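# Fold and contact review
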Amino acid sequence: DGGITQSPKYLFRKEGQNVTLSCEQNLNHDAMYWYRQDPGQGLRLIYYSQIVNDFQKGDIAEGYSVSREKKESFPLTVTSAQKNPTAFYLCASSTQGQGGTEAFFGQGTRLTVV
Amino acid sequence: EDQVTQSPEALRLQEGESSSLNCSYTVSGLRGLFWYRQDPGKGPEFLFTLYSAGEEKEKERLKATLTKKESFLHITAPKPEDSATYLCAVQEGTGNQFYFGTGTSLTVIP
């Protein structure tokens, strides 16, 4: 089955800790994205990557870091510098082309600071 | 400035009561407009892509249409299982970023 797998589904972080959220896709997509979703605010872009070993900051990159060492994988680290990390995190991937190309999403990771 | 605005924020319908959700956008050089359905605690599920004004797509009770400034998601004779949040997103110009609206929360009452 082709798709995007995010893990874990639930994650708890203590104050001052870094945590890493996993995102793996087997759709052979070049582009991958990380979004944060808060109630009433829609999806906000954290980072995106169009090719291996390259990524760009989105609208709310502060306090987050990513890597793209493999086409299939795009992990997100939430660092201690992110002051309000409690949110629902969504990873997505898409092909790239001349026309618009839809993104497909994983099932999300809910991060809670305890 | 918001590039994608969805209305209404919330909509309650009786089962069988048809209605429409609106997505207006201000991007130039639209590459694609996308509709998604999102259930609570889940990732968005892709529904439709629209590329140019006048285009329409249908799937079961849902029909999406596109003009130069907005898109509508028409829901015909909805059922309780259609209850979800419906998200609209656009891609513009030559970039690969997606710009999302804040969604419409639809509740269909039996």
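For the structure given in this document, a descriptive report is provided here. Owing to the predicted nature of the structure, the values given are computational and were not obtained by experimental measurement.

### Some remarks on the packing of aromatic side chains
- Summed over all chains, the structure comprises 13 aromatic pairs over all chains.
- On the numbers, 5.5 Å between centres and 90° between planes, the contact of phenylalanine 105 of chain A with tyrosine 36 of chain B is edge-to-face. One end of the pair, phenylalanine 105 of chain A, is in strand β10 (residues 104-105); the other, tyrosine 36 of chain B, is in strand β4 (residues 30-38), on a second chain. Each member of the pair, phenylalanine 105 of chain A as well as tyrosine 36 of chain B, carries the same accessibility label: buried.
- Each member of the aromatic cluster is reached from another via a ring pair, and the members are Tyr33, Tyr35, Tyr48, Phe104 and Phe105 of chain A together with Phe34, Tyr36, Phe46, Phe98 and Phe100 of chain B.
- Here the basic side chain of arginine 68 of chain A rests over the ring of phenylalanine 74 of chain A, its NZ or CZ set 5.9 Å away from the ring centre.

### Some thoughts on the interface of chain A and chain B
- Contact with chain A, which involves 25 residues of that partner, is made by 20 residues of chain B.
- Counting each side, the surface lost to burial between chain A and chain B is near 1800 Å², with a carbon and sulfur contribution of 52%.
- Our enumeration of links across chain A and chain B arrives at five residue pairs in polar contact (both at pLDDT 80 or more).
- Top contributing element to the side of chain A that touches chain B by residue count: strand β5 (residues 42-51) of chain A, with five residues.
- In terms of residue class, the side of chain A that touches chain B is built from ten nonpolar, 14 polar and one charged.

### A word on the nonpolar core
Residue and element names in this part refer to chain B.
- Counting 23 residues, the largest nonpolar core has Leu33, Trp35, Leu73 and Tyr86 as the members making the most contacts within it.
- Those elements that place two or more of their residues in this core are β2 (10-14), β3 (19-25), β4, β5 (45-50), β7 (62-66), β8 (70-75), β9 (84-92) and β11 (104-109).
- The biggest single contributor to this core is β9, with four residues.
- Leaving out residues up to four positions away in the same chain, tyrosine 86 has contacts with Gln6, Leu21, Trp35, Tyr36, Arg37, Leu47, Leu62, Leu73, Gly103, Thr104 and Leu106.

Cut-offs used in this document
Residues numbered from 1 in each chain as written. Chains lettered and ligands numbered in written order. Predicted model: local features only at pLDDT ≥ 70, side-chain atom pairs only at ≥ 80, totals over all residues. Heavy atoms only, no water. Phe/Tyr/Trp six-rings, centres within 6.5 Å; stacked < 30°, edge-to-face > 60°. Helix = DSSP H or I, 4+ residues; strand = E, 2+ residues; numbered from the N terminus. Buried < 20%, exposed > 50% of the residue type's maximum accessible area, 1.4 Å probe, protein only. Lys NZ or Arg CZ within 6 Å of the ring centre and 35° of its normal. Contact = heavy atoms within 4.5 Å. Buried area = accessible area lost by both parts, 1.4 Å probe. Polar contact = N/O pair within 3.5 Å; in protein donor to acceptor, adjacent residues only side chain to side chain. Nonpolar A, V, L, I, M, F, W, Y, C, P; charged D, E, K, R; others polar. Core = buried A, V, L, I, M, F, W, Y, C linked by side-chain atoms within 4.5 Å.

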